[in-house]
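Descriptive structure summary
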Amino acid sequence: MTVMEQTLEEAKKKAEEREVLLDLENVSLSFGGVKAITNISFNVKKGEIRAIIGPNGAGKTSMLNVINGFYQPQEGVITFNGKKRKSMKPHLAVDQGIARTFQNVALFKGMSTLDNIMAGRATRMKQSMFWQMLYWGPARQEEIEHRKKVEEIIDFLEIQHIRRTPVGTLPYGLQKRVELARALAMEPELLLLDEPMAGMNLEEKEDMSRFILDVNDQLGTTIALIEHDMGVVMDLSDRVVVLDYGRKIADGVPEEVQSNQEVIDAYLGLSH
Amino acid sequence: MFYRTSGQFKTTYESDQALFPIKQDMILLAVILAAMYVVFPMFASEFTFKALLVPVLIYSLASLGLNILTGFAGQLSLGTAGFMGVGAYACYKITSIFPEMNVVVALFLSGFFSAAVGVAFGLPSLRIKGFYLAIATLASQFFLVWLFEKWAWLYNYNASGAIEVRTMDIFGLVVTGPNASPVVQYYFVLGIVSVVTFAMINLTRGRYGRTWKAVRDMDIAAELVGINLMRAKLSAFAVSSYIVGIAGALMVFFWKGAAEPNLFDIPMSFQIVFIAIIGGLGSVMGNFLGAILIVALPVVLNLLPGMLGLNIGSATMEHVNVMVVGSLIILFLIVEPHGLARFWALIREKLIIWPFPH
Ligand SMILES: Nc1ncnc2c1ncn2[C@@H]1O[C@H](COP(=O)(O)OP(=O)(O)OP(=O)(O)O)[C@@H](O)[C@H]1O
Ligand SMILES: [Mg+2]
């Protein structure tokens, strides 16, 4: 065996050993006549970084929308943490520990960075309106408690300097980072990232890659991410699933997928 | 120089989250409160109370209520006056059915009625947005005024069809009716407005405020961080209509002394929308600035010709008032949608860095 083959085997074995966190079986989704996802099965394992790639319109974003309950697939079975899903709504996904970011940043533009991230903890704050009107006692206690957690995330993502800035005025790269911060504030078990590096320059991409690896490594968060930059995908991910025209055309560790003929064709636009 | 923040470092989140992290803000507030609670009552004439101070406070409160709904939660409403009417009529009925009840208790109770009606008319907001919601609230406005006219039980079957506030006292002090002193009424209104404003400053800077603003800025994203849109919108309708209802009851009980149904018609709804826009949507303090401008402008315009020795009729000045207010609205919508509150924020920022702008 060559060295190359050896590392490939190792990577595969590591993936084998992990426990399944999210499992999709024969999932199909269509909008009227448009088939966005056709009969796709794949899983995400605990602790891994799973990349979803494919050409434009392949159905990647739709896949994330199905996972976090924004769309209801017409067919298929989805199992999260060993529990089969019946009907799904976004807030149920939040309760189960799934958080996400969006392809086109979806922040609360008129609010400060701090408030955006605090909003990520909305469902964890329970104090009644009465105490909040006094901003005293348990309400103040709760606010401070969550603020501490949020400050940890702010330090982690190095965005201290923009704490009080309304996010609408921030440059795109920083907005993406604030959005990641808001998702982290939800303390998710599974984090879905839709093109976290789109529109960034090289330096910003490197920063973001580092943050994603740190989140995975230090917080132990499982991550499923969509990304177009192949270099980034190969560096970051443990396993890759490739979609094209709503179908799955490949699934495996990066080295495997990279050399798959169908994938090469899809990206070069040959097979169609 | 006056707004020096150097040396005022925050070492704990507690102090960073304090209501007035900068000392100068606290001093300014103290000055305003001293003026409101001590200086004005000492010098103001009966006319000043009735034509300026009390109406400014009541309109500020109504605008604050509208601002919770429109400025913070992003739900457009053109039915504010109708909900003020619900508060006023509720207070009237409560005080007629329970004549022994303390009028302040009746006032705070009547807010629950306007809140309930507000939530009922807020239900369409779960399905419709923006322009269509505004039209739905306008419909509630027509319906409520019609109800105030037709449901004779509401005005105790008076021949006039109007409600008239009888003389009521609290521990022997006459607070409503024709014999109540304007100073006493002013203090009552001021006290209630202060309490509600304090509560709303707190509510809007905590979880409720963030939830409302999240729904306003991007409802899809709000849903995806786990915010229950229905709860968020309806809570905004409830809190907003509660405050608006109290403002309506204050208006009738502590200022006008009587009301006909058409008081709560569309013109007042628009007037309050104007105050909120000129003051600044999404701000608590802006409502007061907007109310000062809208209430004081016609009074000043009325006195102006006499002061300048000009012979211009008050009818003309009324037209001038309408024109000035109209231009201001357009100006603010185009130039500064965040209203007077933003101007103050900018001035404050300049003062903080002055005289070293870099
Ligand atoms: N809400 C919708 N209504 C109708 N069609 C939709 C909807 N959302 C997605 N589609 C269609 O489903 C297909 C897959 O879209 P999707 O956004 O998932 O692609 P994608 O892989 O994320 O593409 P991109 O790389 O451009 O983001 C496309 O043909 C798209 O037009
Ligand atoms: Mg996409």
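Residues numbered from 1 in each chain as written. Chains lettered and ligands numbered in written order. Predicted model: local features only at pLDDT ≥ 70, side-chain atom pairs only at ≥ 80, totals over all residues. Heavy atoms only, no water.

Looking up chain B in an unreviewed UniProt entry gives the name Leucine/isoleucine/valine transporter permease subunit, with the organism given as Pseudovibrio axinellae. What UniProt states about chain B under its Subcellular location (unreviewed entry) heading is, verbatim, "Cell membrane". (UniProt positions renumbered as here; feature names shortened; annotations may be inferred.)

Chain A is annotated in an unreviewed UniProt entry as Lipopolysaccharide export system ATP-binding protein LptB of Pseudovibrio axinellae.

Moving on to the interface of chain B and chain A. Between chain B and chain A, the residue contacts involve 28 residues of the former and 36 residues of the latter. Summed over both partners, the interface of chain B with chain A comes to about 3000 Å²; 63% of that surface belongs to carbon and sulfur atoms. Only α1 (13-16), α7 (182-205), α8 (207-217) and α9 (219-224) of chain B provide two or more residues apiece to the side of chain B that touches chain A. By residue class, the composition of the side of chain B that touches chain A is 15 nonpolar, four polar and nine charged. (Contact = heavy atoms within 4.5 Å. Buried area = accessible area lost by both parts, 1.4 Å probe. Helix = DSSP H or I, 4+ residues; strand = E, 2+ residues; numbered from the N terminus. Nonpolar A, V, L, I, M, F, W, Y, C, P; charged D, E, K, R; others polar.)

Time to look at the domain arrangement of chain A. Residue and element names in this part refer to chain A. Assigned domains of chain A: these are domain 1 (1-97 + 188-272) and domain 2 (106-185). Computed over C-alpha atoms only, the centres of domain 1 and domain 2 are separated by 28 Å. With 19 residues of domain 1 at the contact, the number on the domain 2 side is 11 residues. Across the domain 1 to domain 2 interface the summed buried area is about 1200 Å²; carbon plus sulfur atoms make up 71%. Across the contact surface, domain 1 and domain 2 share two salt bridges. Salt-bridge contacts for Asp-207 lead to Arg-177; the nearest nitrogen and oxygen are separated by 3.6 Å. One can count one residue pair in polar contact (both at pLDDT 80 or more) joining domain 1 with domain 2. Along the lines of polarity and charge, the residues of the side of domain 1 that touches domain 2 split into 11 nonpolar, two polar and six charged. (Domains from an automatic or database assignment. Salt bridge = Lys/Arg side-chain N within 4 Å of Asp/Glu carboxyl O. Polar contact = N/O pair within 3.5 Å; in protein donor to acceptor, adjacent residues only side chain to side chain.)

Before going further, it helps to spend a moment on the packing of helix α11 (residues 266-279) of chain B against helix α12 (residues 286-308) of chain B. Residue and element names in this part refer to chain B. Contact geometry of α11 with α12 gives a least axis separation of 7 Å together with a crossing angle of 120°. Regarding the angle of α11 to α12, the classification is oblique. Crossing handedness for the pair α11 and α12: right-handed. For the pair formed by α11 and α12, the contact residues are Gln-271, Phe-274, Ile-275, Ala-276, Ile-278 and Gly-279 on the first element and Gly-286, Asn-287, Gly-290, Ala-291, Leu-293 and Ile-294 on the second. Its residues assigned to classes, the contact of α11 with α12 shows seven nonpolar, five polar and no charged. (Axes fitted to C-alpha atoms, helices over the stretch in contact; angles between N-to-C directions. Parallel < 35°, antiparallel > 145°, perpendicular 65-115°, else oblique. Left-handed = near helix turned anticlockwise from the far one by under 90°.)

Residue and element names in this part refer to chain A. Each protein donor to the magnesium ion (ligand 2) is listed here as Thr-61 (OG1) and Gln-103 (OE1); together their distances run 1.9 to 2.1 Å. In this pair, Thr-61 sits in helix α2 (residues 60-67) while Gln-103 sits in the loop between β6 (98-100) and α4 (113-119), placing the two residues 42 residues apart along the sequence. A relative accessible area of 26% places Thr-61 in the partly exposed class. On the basis of relative accessibility, which here comes to 29%, the residue Gln-103 falls in the partly exposed class. (Donors = N, O, S within 2.8 Å, 3.2 Å for Na, K, Ca; no water. Buried < 20%, exposed > 50% of the residue type's maximum accessible area, 1.4 Å probe, protein only.)

As a further point, take the site of ligand 1. Residues and elements named next belong to chain A. Within the structure, ligand 1 sits among 13 residues, and Gly-57, Lys-60, Thr-61, Ser-62 and Gln-103 are positioned closest to it. The separation between an oxygen atom of ligand 1 and a polar side-chain atom of Lys-60 is 2.7 Å. Between an oxygen atom of ligand 1 and a side-chain N or O atom of Thr-61, the distance comes to 2.7 Å. In the complex, 64% of the free accessible area of ligand 1, which totals 640 Å², lies under the protein chains. (Near = heavy atom within 4 Å. Areas by Shrake-Rupley, 256 points an atom, 1.4 Å probe, with all protein chains shown as cover.)

On to the environment of Leu-293 of chain B. All names here are of chain B. Mapped onto the secondary structure, Leu-293 falls in helix α12. A sequence separation of 129 residues divides Leu-293 from Glu-164, and the C-alpha atoms of the two residues are 29 Å apart. The residues touching Leu-293, leaving out its near neighbours within four places in the chain, are Ile-278, Leu-328 and Leu-340.

This part takes up the domain arrangement of chain B. We note that the domain assignment places domain 1 (1-6 + 18-42) and domain 2 (44-353) within chain B. On a C-alpha basis, the centroid separation for the pair domain 1 of chain B and domain 2 of chain B is 25 Å.

Let us now look at the sheet that holds β6 of chain A. Residue and element names in this part refer to chain A. If you trace the six strands from one edge of the open sheet to the other, you get β6-β7-β8-β3-β9-β10, paired in mixed fashion. Two strands close off the open sheet at either side, each with one partner strand: β6 and β10 (247-252). Along the sheet, successive strands turn relative to each other by an average axial angle of 15°, direction set aside. Sheet strands in contact with α2 are β3 (49-53), β6, β7 (190-194), β8 (222-226) and β9 (239-244), and its direction is about 150° off that of β7. Here helix α7 (residues 172-185) sits on the sheet and contacts β6 and β7; the angle it forms with β7, its principal contact strand, is near 160°. (Pairing = 2+ DSSP bridges.)

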